[in-house]
Amino acid sequence: MALVFMNRDVPDTLVGVWKVEERIEDLLSLYPYLQIEITKYTNVSKQLNKLCEYMLLYGMTGEEGLFVEHDMRGKPLLKNWNISMSDTRGYVAICLSRTCRVGVDIEYLSNRVSKIAERFIRTDEQARDVREQLLHWCAKETVYKYYSEQILDYFEMRLKTFEMAEQGSVTVENLKNMETLPVSYLFMDKALLTYSVG
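Per chain, residues are indexed from 1 in the order of the written sequence. Local features are withheld for residues below a pLDDT of 70 in this predicted model, meaning they are given only at 70 or higher, and side-chain atom pairs are given and counted only at 80 or more; totals for whole chains, interfaces and linings count all residues. The side-chain numbers reported here are obtained from all heavy atoms of the structure, hydrogens and water having been left aside.

Student: Break down the nonpolar core for me, with residues and values.
Tutor: Counting 27 residues, the largest nonpolar core has Leu57, Leu78, Ile83, Ile94 and Leu96 as the members making the most contacts within it. Taken together, the elements giving at least two residues each to this core come down to β2 (13–19), α1 (24–30), α3 (44–61), β5 (82–88) and β6 (91–97). Here this core gets 9 residues from one element, more than from any other, and that element is α3. The contact partners of Leu57, leaving out residues within four places of it in the chain, are Leu66, Val68, Leu78, Ile83, Ile94 and Leu96. Listed in part, the 23 residues of the second largest apolar core include Cys138, Met157, Leu159 and Leu181. Here, nonpolar core refers to any group of buried Ala, Val, Leu, Ile, Met, Phe, Trp, Tyr and Cys residues whose side-chain atoms link them within 4.5 Å. Exposure classes here rest on a 1.4 Å probe applied to the protein chains alone. A residue is buried below 20% of its type maximum, exposed above 50%, and partly exposed in between. In this text, helices come from DSSP runs of H or I with a minimum length of four residues, and strands from runs of E with a minimum of two, each type numbered from the N-terminal end. Residue contacts are counted whenever heavy atoms from the two residues lie within 4.5 Å of one another.

Student: How would you summarise the sheet that holds strand β9 (residues 167–174) if you had to cite specific residues and measurements?
Tutor: Overall, antiparallel pairing links the 5 strands, which are arranged β7-β11-β10-β9-β8 in an open sheet. Only two strands of the sheet have a single partner each, and these edge strands are β7 (102–108) and β8 (157–159). Across the sheet, the mean angle from the axis of one strand to that of its neighbour is 25°, orientation sign disregarded. Should DSSP find at least two bridges between two strands, the strands are regarded as paired. With 4 bridges connecting them, strand β10 (residues 179–187) and strand β11 (residues 191–197) associate as antiparallel partners. Bridging across to β11, Phe187 finds its partner in Leu192. In this analysis an axis means a line fitted to C-alpha atoms, helices contributing only their contacting stretch, and an angle means the value between N-to-C directions, from 0 to 180 degrees.

Student: Could you give me a rundown of the pairing of β2, with the residues and numbers involved?
Tutor: Along β2, 6 of the 7 residues are buried, which leaves the element largely enclosed by surrounding structure. Both strand β1 (residues 3–7) and β2 contribute to a ladder of 4 bridges, which runs antiparallel. Its bridge partner lying in β2, Asn7 is registered against Val15. Taking the residues between adjacent antiparallel strands as the criterion, β1 and β2 are bridged by 5 residues, where Asp12 takes a positive phi near 65°. Where β2 lies against β6, 7 bridges are found, and the strand directions are antiparallel. Bridging across to β6, Thr13 finds its partner in Ser97.

So, in structure tokens, the structure goes:
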């Protein structure tokens, strides 16, 4: 089992991260009925991530046999749960709540985010290095998922000034409806996790 992070700080809410270390064959030997789920993907690493998402989901809920559906825009849906999911190279993350709206993102730490920073960082925001740029990206992805029905543009979200740490919280303004949302973050071994519950 490669569960590397679990948070239960908010009642009826779970945040989990799985480090992808398994092989597809090994996971399918445990859960052969998931074969049909991964045939939707041609990319082998996407298939493996999808299987690990289910491993994480089962580990978080204690319920095997759950299946995640998606709406027309790709938002994940799970009966009796609010759910948000994310994957990146080597990690998958899930945020679940029975009662609260949720959003989650996880990204592998690399400097590729610097190449597109002007596409998601506003001129009135400050990101001094790659880690701060990545935090802007992940926090906004989390807020985008949290407010999924609004289909926010990156420039319709603004991070308030923050002090960088290995873990903490940033406040993101939704400029479309003038609300603010706290987004928790955690730098892990080779990834950044962000999530919000409200």
